[in-house]
Amino acid sequence: MEQTRWWLALHILGCVIFLGNTIVTFFWKLMAGRSRDPKVLAFSQRLVTLTDKVFTAVGAALLAIGGYVHAWHLKLNTLQTPWIFWAQVCFYASAAIWVAVLVPIQHKQGKLAEAFGVSGEIPAAYWRLASRWNAMGTLATTLLIVALLLMVVK
């Protein structure tokens, strides 16, 4: 039983790092956009990419590993336990949005930000991408919050 608690702790730590970074980065990126300052936007784009690599990726790995091993120790079937199943659906749907939509947008915005960080002129393409990132980021983050609620209120 002691080992089970360590896996649960790892799962919760992963959730805190992963979801915390996701929400803070989302908020921070929105606030940077509101500034309309090319240097602030360029800086925030660089850090969004960095924090995704450091915190989001590490947090997601800890979350998944800790959760699956914890469920295995408790002999829970992750596909037949409704609250775990639907939390996974939300988690993987959010991950799909990040991989297929948000990360590619971030890379495009990053390339644009490199240029306007120097020139000072933010192109309309950046704002179109920002609008799409905000909408899809809201959806992806909402799915993660639903997953968290499913895991907690089960």
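Small disclaimer: the values here were computed from a predicted structure and weren't measured.

A few words now on the overall build of the protein chain. For the protein chain, the count of helices and strands is 4 helices and 0 strands. For the protein chain, the N- to C-terminal ordering of α and β elements is α-α-α-α. Dimensions of the protein chain, computed from C-alpha atoms along their principal axes, come out at roughly 60 × 25 × 20 Å. Here the protein chain holds 154 residues, and 38% of them are scored as buried. Considering only residue pairs separated by 6 or more positions, the protein chain has 78% of its internal contacts joining residues 24 or more positions apart. Accessible area for the protein chain stands at about 9000 Å²; split by element, carbon and sulfur atoms hold 73% of it. Averaging the positions of the 13 positive and the 5 negative side-chain charges in the protein chain gives two centres separated by 7 Å.

Now for the packing of aromatic side chains. Applying the stated criterion across every chain, the model contains 8 aromatic pairs. Considering the side-chain rings of Tyr 126 and Trp 127, the 5.3 Å spacing of their centres and the 85 degrees angle between planes classify their relative orientation as edge-to-face. What makes Tyr 126 buried here is its relative accessible area of 2%. Following the ring pairs from residue to residue traces out a cluster consisting of Phe 18, Phe 91 and Tyr 92. The ring of Trp 127 carries the charged tip of Arg 36 above its face, separated from the ring centre by 4.1 Å. The ring of Trp 83 is capped by Lys 154, whose NZ or CZ atom sits 4.8 Å from the centre of that ring.

Turning our attention to helix H1 (residues 2-35). Helix length check: H1 (34 residues) gives 49 Å between terminal C-alpha atoms against 50 Å at 1.5 Å per residue, within 8%. Arg 36 lies just past H1 and shows a positive phi near 60 degrees.

Residues Ile 23, Ile 145, Leu 148, Leu 149, Val 152 and Val 153 make up a contiguous nonpolar surface patch of about 510 Å² in total accessible area. Of all the elements, helix H4 (residues 124-153) adds the most residues to the nonpolar patch, at 5 residues. For Ile 23, the location among the structural elements is in helix H1. For Ile 23, a relative accessible area of 37% gives the class partly exposed.

The phi torsion at Arg 36 lies on the positive side, around 60 degrees, for a residue other than glycine. Structurally, the position occupied by Arg 36 is in the loop between H1 and helix H2 (38-73).

Counted at 1.5 Å a residue, the expected span for helix H3 (residues 82-119) with its 38 residues is 56 Å, and the 53 Å between its end C-alpha atoms agrees. Residue Trp 98 marks the point of greatest curvature in H3, where the axis turns by about 40 degrees. Residue Gly 120 follows H3 closely and has a positive phi angle near 85 degrees.

Rules of the game
Chains are numbered independently. Their residues run from 1 in the order of the written sequence. Residues qualify for local features only when their pLDDT is at least 70, as the model is predicted, and side-chain atom pairs are given and counted only at 80 or more; totals for whole chains, interfaces and linings, by contrast, use all residues. Water and hydrogen atoms were dropped before computing side-chain values, which therefore reflect all heavy atoms in the structure. For helices the rule is a DSSP run of H or I covering at least 4 residues; for strands it is a run of E covering at least 2, with both sets numbered from the N terminus onward. Per-residue accessibility, obtained with a 1.4 Å probe over protein chains only, is compared with the maximum for each type, and a residue is labelled buried under 20%, exposed over 50%, and partly exposed between these values. Whether two residues are in contact is decided by their heavy atoms, any of which lying within 4.5 Å being enough. A 1.4 Å probe and the Shrake-Rupley method give the accessible areas. Residues count as covered only by the protein chains that appear here. Residues scored as positive are Lys and Arg, those scored as negative are Asp and Glu, and His as well as the terminal groups of each chain are ignored. A single reference atom marks each charge: NZ on Lys, CZ on Arg, CG on Asp, CD on Glu. Stacked, edge-to-face and tilted labels apply to pairs of Phe, Tyr and Trp rings (six-membered ring for Trp) whose centres lie within 6.5 Å, assigned for plane angles under 30 degrees, over 60, and everything in between, in that order. Two conditions define a charge located above a ring, namely a distance within 6 Å from the ring centre to NZ of Lys or CZ of Arg, and an angle within 35 degrees of the ring normal. Each residue after the first adds 1.5 Å to the expected span of a helix. Residues forming no salt bridge and having over 30% relative accessible area are the ones grouped into patches, like charges within 9 Å of each other and nonpolar side chains (Val, Leu, Ile, Met, Phe, Trp, Tyr) within 5 Å. Salt bridges are counted wherever a side-chain nitrogen of Lys or Arg sits within 4 Å of a carboxyl oxygen of Asp or Glu. In this scheme, the bend at a residue equals the angle between the axes fitted to the seven residues that finish there and the seven that begin there.

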